[in-house]
Amino acid sequence: MREYIKRNIEKELEKVANGFPVVMVTGARQVGKSTLLAHLEEITNQKINKVSLDDLKTRKQAIEDPEIFINSLETPVIIDEFQYAPDILSYIKIVVDNARLKSFKEEGIKHNGLYFLTGSQPFDTMKNITESLAGRVGLLDLYGLSLREIYGFENEGIFLPDLEILKKKKQINKMTLARSI
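Just so it is clear, the model here is predicted, and its values are computed rather than measured.

A. Spatial organisation of the side chain of Arg-136. With respect to the helices and strands, the residue Arg-136 is situated in the loop between helix H7 (123-132) and strand S5 (137-141). Residue class for Arg-136 comes out buried when judged on its relative accessible area of 14%. At a separation of 2.7 Å, a polar atom in the side chain of Arg-136 contacts the side chain of Asp-97. Leaving out residues up to four positions away in the same chain, Arg-136 has contacts with Phe-20, Pro-21, Val-22, Lys-93, Val-96, Asp-97 and Arg-100.

Next comes the structure, spelled out in C-alpha cells:
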C-alpha cells in the first residue's frame with residue numbers, strides 16, 4: 001500500500017466541513033478526491049462511513065429509491081461519485097434541513113459535516129448541486145499533486161500570497177529538483 005501524501009487542501013477541507021452540512025470535492029479523474037476523503041477520518045478524528053456509486057448495486061439502489069438510500073446512510077458519510085445518482089441531492093437537502101432544525105431546538109445535535117460528496121465537474125452536475133443545496137454546501141476543487149505536496153514542503157500562505165511568508169520560504173535548487181523527478 002502506498003503512503004498517503006498530505007494535501008495542501010486538508011486545512012481548508014476541515015474548515016469547510018465545520019461550516020457546511022455538505023462538502024463537495026470536485027476534480028478531474030484520479031487526482032485523489034476519494035483518497036483525500038478516506039483520509040478525512042484521521043484529519044477530524046471521527047468515524048466516517050463511505051459508499052461508492054461506482055459499485056453498480058449501490059448505484060442502482062440510489063437511483064431506484066434515492067429517499068430510502070439516503071435515509072439508510074449513517075452520517076457523517078462519504079458518497080463517492082454522487083453524479084451517478086443526482087436525485088439523491090433532494091433527499092440530502094431534506095436530511096440537512098431537519099438536522100439544522102433539530103440543532104436549533106436541541107443542544108449537541110450536529111448539522112455540519114454530514115455529507116461528503118465527490119464527483120467530476122461537468123457543468124450540469126455543478127449547476128444541479130448549487131441549485132439543490134444552495135447555502136448548504138461548501139465546494140472544494142482538488143487538483144493533481146503539486147511538487148510541494150510530493151516533496152512534503154509546508155504549505156504556509158499557498159492560497160493567499162503574503163509577502164512576508166514568501167520571503168521566509170526556502171529556495172529550492174532547480175537542478176536538484178529536476179534530477180529528483
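Once you've had a look at it, read on.
B. Expanded view of the pairing of strand S1 (residues 22-26). Burial within S1 is extensive, with five of its five residues counted as buried. Neither face of S1 is open: one carries Val-22, Met-24 and Thr-26, the other Val-23 and Val-25, and all of them are buried. Two strands pair when backbone bridges link them, and S1 and strand S4 (residues 115-119) are joined in this way by five bridges, in the parallel orientation. Paired with Met-24 across the two strands is Leu-117, which belongs to S4. Where S1 lies against S5, five bridges are found, and the strand directions are parallel. Residue pairing for S5: Met-24 is matched across the bridge by Leu-139.

C. Representation of the nonpolar core in the model. Ile-79, Ile-88, Ile-92, Tyr-115 and Leu-117 are the most contacted members of the largest nonpolar core, which has 23 residues in total. Counting residues per element, the ones that place at least two in this core are S1, helix H5 (66-71), strand S3 (77-80), helix H6 (88-105) and S4. With five residues, the top contributor of residues to this core is H6. Listed in part, the 16 residues of the second largest apolar core include Val-23, Val-25, Leu-37 and Ile-43.

So, how was this worked out
- Residues numbered from 1 in each chain as written.
- Predicted model: local features only at pLDDT ≥ 70, side-chain atom pairs only at ≥ 80, totals over all residues.
- Heavy atoms only, no water.
- Helix = DSSP H or I, 4+ residues; strand = E, 2+ residues; numbered from the N terminus.
- Buried < 20%, exposed > 50% of the residue type's maximum accessible area, 1.4 Å probe, protein only.
- Polar contact = N/O pair within 3.5 Å; in protein donor to acceptor, adjacent residues only side chain to side chain.
- Contact = heavy atoms within 4.5 Å.
- Pairing = 2+ DSSP bridges.
- Core = buried A, V, L, I, M, F, W, Y, C linked by side-chain atoms within 4.5 Å.

Honestly, that's just the spatial picture; any functional story needs more than this.
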